[in-house]
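Here is what each chain is made of, one letter per residue.
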Amino acid sequence: MADDAPLVEMTGVTKTYAGITALDDVDFLIRPGEAVCLAGENGSGKSTLIKLLAGVEWPDRGVIALDGLAQAAMTPTTAAAAGIAVIFQDFSLFPNLSVAENIAFGAELAEGARFYRGRRVREIAKRTLERVGVLMDLSAPVETLPVAHKQLVAIGRALASNARLIVMDEPTTALTEREVRALLGIIRRLKADGVAVIFVSHKLAEVLEVSERVVVLRNGRVVAEGPASGFDARSLTRHMTGRDLAETGPAPLLAGAPVLLKVEGLSKAGAFHGVDFTLRGGEVLGISGLLGSGRTALAKALFGLVTPEAGRVVLDGRDVPLGDPLRAAEAGIGYVPEDRLTEGLFLTQSILRNVAVGRVASHARGPFLDLGGLAAEARDWLARLRVKAPDAEAPVRSLSGGNQQRVVLARWLARAPRVLVLNGPSVGVDVGSKAEIHAIIADLAAQGLGVIVISDDLPELLATCHRILVMVEGRIVEDIAGAEATEEGLARRLAS
Amino acid sequence: MSWLSRNETLVAGVILAFCVVGAALDPNFLSIPTLMDLLRAGIVLGILAVGVLVVLISGGIDVSTTSLAIVALYVTTLLVQGLAPEMGWPAAFLVAVAVGAALGAVNGVFIAGLGLPTLIVTLGTLSLFRGFLLTFVGDDLISNLPRGLRDFSRAMMIRGENADGSFYSLPWAFAFLVGVVALTWALLYRTMLGRQVFAIGGSMESARRIGIPVRRVQFLVFVYVGALGGLAGIIHAALARVANPQDLLLNQQLSVLAAVVLGGARLEGGTGTLTGTLLGVALIVLVSNSLIVLGIPNTFQSIAIGLLILLGTGLPAWQARRTQRRAA
């Protein structure tokens, strides 16, 4: 039964930072060839547990045993030597170096090689990628690869360093449905090879099927643990948040709701063709599609960030000028970008300024600015959206993902738009915040706003949308009533 | 990236175009003496540029190299003159390299030891090195160089006579540029230390996580650049046959940076080639020397070099962005 000896076993592990208990008497165990889901919201202690595994931190109390041997101390080097590899969300690769060199760098470093052996590096990379079961151009610089391939290079690098336990932080966030499938295939292969995997994620439903066990952390304690077959998305959410966040779908649309936005024959070569749809006041419309289906380009076109070659956008019977974000905003369209961190926020500026930036023109008093009025309005919106911030003057960077998203929303709502386009509204936020964002969407619609949600997160669309448009290769191929849609049906149409 | 959008191709094309225009304006332009002049003028600039290239690849920048070179050449000349005036040139060169490396280590301590930004530290030492020299060491010009250095300046690799009776020559100092390029190539592409320099320039955080001793590598980079600066300094003094603490070499700092950037090294770090840097040096030397030969006013040099930098670095960047946008 040597195979069943735990690779890592933590017993009664406790870790406190400056008086805050991050982990409280936690037991955790993983065996070779096993996959474990580590679930928990931000601040639940997940990151601390990873840091202990990686040897970055050492517990205040408790025992960590590797291969049955209790360790006196662990450093990143001893953890790596024991075969523990952590793949961070950003993959920690070298964008300027080749695929081969990225894969072999750690292995060569650990061997203490003084000279660079190109042939050996390629040999290591080739063998590793064979083990993963993928083909890739070994000499391509990593910066030219798509995200999914970068992830494979990161997995390859861990394997090349003889990893026996791979910890993957949020492995599926940046992947499309199809890429997630491919990743799961690779994980199965690795498990058959005796490699253990820990998934750390908010979006766990996707990895449940390749996992044996689930461990849920909340406030530094293990609150649920058991075979993966005993969990589903809903029970996971309940354990993670400690409340039942059942999502039931949107409130029914008022029968006589007027048409608010009309899109006719909108086309842009290489992105989308002949797109027609209408949006009624109070309606939440979902637009879904795989990466490259044109969904993002369409969303941007509505707000003037992409200039269509043909077609018109009519809001309240008036044409919205195309290709001009400023005038689209004036006409009453708001847009919340996909990557809120790089596209939508001034991360180092204060929360208040981030909300107020869109309203500067409306608070002008001659050549001067009514700073008091501006701040008061911003504070009002922060309160209405329940942004949890110790101080409105603190930089936006200090907020959690969900609260950052609220700040962006607050900025847009302060401009009183008629139609709000939300691109991937809950990418990268935890389950609790996600449910709250969905509640905000429902609230906005109830106030008569037209909301367009662009997403490939199918449960999210089902929970928020009255209607869902499916885009394939730049065309709308399906228009489904939200109440009639199922996750499986949508997934099938997306991939068609 | 296709070869068409590479800086190297662009710079090589501009060099060729320049030669064609030069030949059209002056029939004597395409000749061995012109080539020898250019090679000679590229020695010191080339060695300094190779050093700066290594810093740029590691993700930093060094604006102190010419100041460091002047201090190294002057201190070395004083030391040799005072302690062993009969010393041969190889020993004198070693002293200069050691002085340069020591000054590079000063940069290294601030940058790797204290974690300060490279631009700020080298901007500080640019002024500090030279100020220290002029205040505490001396500001007298030494035109009577030690014998070893005089011998070195007379050693010629190639010597010849034109049809019109004028002489041309290429000093052995050129072999040092070749040697520096070969050594740097081997370090960058054939040792793990060199690969670590690329890795740090690519992503310092990733380098730390994978276990690269980032600070040690950064320190060594600045010591190496310092050593090259010392070498370039003493060669400059020997060829000019004077050790001048107020040397105009100081004004060449921007040309050195321009050559490296023209050659395609990215300021964000992680990328850059020796071929590109050498082409960049060739272009800068060509522009600054030939415009005089061709009778074009001196002030045009600044305009030409400025335009070259803007076009040479702007065009590939613009092209890269266009292809990126098309892919998105």
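How each quantity is defined
Here the residue numbers are simple positions, counted from 1 along each chain's written sequence. Here every chain gets a letter starting at A, and every ligand a number starting at 1, in the order they are written. Two thresholds apply to this predicted model, a pLDDT of at least 70 for residue-level local features and 80 or more for giving and counting side-chain atom pairs, whereas whole-chain, interface and lining totals are computed over all residues. The basis for every side-chain value is the complete set of non-hydrogen atoms in the structure, without hydrogens or water. The nonpolar core is taken to be a set of buried Ala, Val, Leu, Ile, Met, Phe, Trp, Tyr and Cys residues, with the residues joined through side-chain atoms within 4.5 Å. Only protein chains enter the accessibility calculation, which uses a 1.4 Å probe; a residue whose area is less than 20% of its type maximum is buried, one above 50% is exposed, and one in between is partly exposed. Helical segments are the DSSP runs of H or I of at least four residues, strand segments are the runs of E of at least two, and each set is numbered from the N terminus. It only takes one pair of heavy atoms within 4.5 Å for two residues to be counted as in contact. The working definition used for a salt bridge is a side-chain nitrogen of Lys or Arg within 4 Å of a carboxyl oxygen of Asp or Glu. We call two strands paired when DSSP finds no fewer than two bridges between them. Inter-axis angles, ranging from 0 to 180 degrees, are taken between N-to-C directions of lines fitted to C-alpha atoms, where helices are fitted over the stretch in contact. Once two parts are brought into contact, the accessible area they lose, counted with a 1.4 Å probe and summed over both, makes up the buried area.

(A) Examining the nonpolar core more closely. In terms of nonpolar packing, the biggest core is built from 151 residues, with A:Ile166 and B:Ile212 touching the most fellow members. Top contributing element to this core by residue count: helix α2 (residues 32–57) of chain B, with 15 residues. Beyond its immediate chain neighbours, meaning those up to four positions away, A:Ile166 contacts A:Ala85, A:Ile87, A:Ile155, A:Ala158, A:Leu159, A:Leu190, A:Val195, A:Ala196, A:Val197 and A:Ile198. Counting residues in each nonpolar core, the second largest holds 77 residues, with A:Leu261, A:Trp381, A:Met471 and A:Leu490 among its members.

(B) Representation of the pattern of salt bridges. This structure, assessed with the given rule, holds 30 salt bridges over all chains. B:Arg154 is the partner of B:Asp151 in a salt bridge, and the nearest nitrogen-oxygen pair spans 3.6 Å. Here B:Asp151 and its partner B:Arg154 are both found in helix α6 (residues 147–154), 3 residues apart, which amounts to about one turn of the helix. Connected through salt bridges with shared partners, the residues A:Asp90, B:Glu205, B:Arg208 and B:Arg209 form a single ionic network.

(C) Structural context of the sheet that holds strand β9 (residues 213–218) of chain A. Residue and element names in this part refer to chain A. Taken together, the 6 strands give an open sheet; going across it, the order is β6-β7-β8-β3-β9-β10, and neighbouring strands pair in mixed fashion. On the outer flanks of this sheet lie β6 (84–87) and β10 (221–227), each paired with one strand and no other. Strand-to-strand twist of the sheet, defined as the mean angle between neighbouring strand axes without regard to direction, takes the value 15°. In this sheet, strand β7 (residues 165–169) lies alongside β6 in parallel orientation, the contact comprising 4 bridges. Within the sheet, the bridge partner assigned to isoleucine 84 lies in β7 and is leucine 165. In the packing of helix α6 (residues 177–192) onto the sheet, contacts are made with β3 (35–39), β7 and β8 (196–201), and the angle to β7 comes to roughly 160°.

(D) Structural detail: the pairing of strand β16 (residues 333–336) of chain A. All names here are of chain A. Here β16 shows no split at all, with Ile333 and Tyr335 on one side and Gly334 and Val336 on the other all buried. As judged from the 4 bridges shared by β16 and strand β19 (residues 419–423), these two strands associate in the parallel manner. The residue of β19 that forms the bridge with isoleucine 333 is valine 419.

(E) How the structure looks around the interface of chain A and chain B. Taken together, the contacts link 19 residues of chain A with 19 residues of chain B. Taking both sides of the interface into account, the surface hidden between chain A and chain B amounts to around 1600 Å²; carbon and sulfur atoms contribute 63%. For chain A, the biggest contributors to the area lost against chain B are A:Phe94, A:Leu109 and A:Tyr116; these three give 34% of the whole. Taken together, the connections running from chain A to chain B amount to 3 salt bridges.

(F) Quick look at the sheet that holds β16(A). All names here are of chain A. With mixed pairing, 6 strands are arranged side by side in an open sheet as β16-β19-β20-β13-β21-β22. Lying at the two open borders of the sheet, with one neighbouring strand each, are β16 and β22 (475–481). Neighbour to neighbour, the strand axes of the sheet diverge by 20° on average, direction disregarded. The sheet contact formed by strand β13 (residues 284–289) and strand β20 (residues 450–454) spans 4 bridges and is parallel. For isoleucine 287, the partnering residue across the bridge sits in β20 and is isoleucine 454. Together, β13, β21 (467–472) and β22 form the strand contacts of helix α17 (residues 487–495), whose direction differs from that of β21 by roughly 30°.

(G) Quick look at the pairing of β22(A). Where β21(A) lies against β22(A), 6 bridges are found, and the strand directions are antiparallel. Its bridge partner lying in β22(A), A:Arg467 is registered against A:Ala481.

(H) Main features of the environment of A:Val314. Residue and element names in this part refer to chain A. Along the chain, valine 314 falls in strand β14 (residues 310–315). For valine 314, a relative accessible area of 11% gives the class buried. The spacing of valine 314 and lysine 262 is 52 residues in sequence and 5.0 Å in space, taken between C-alpha atoms. Those residues in contact with valine 314, other than ones at most four positions away along the chain, are Leu260, Leu261, Lys262 and Asp319.

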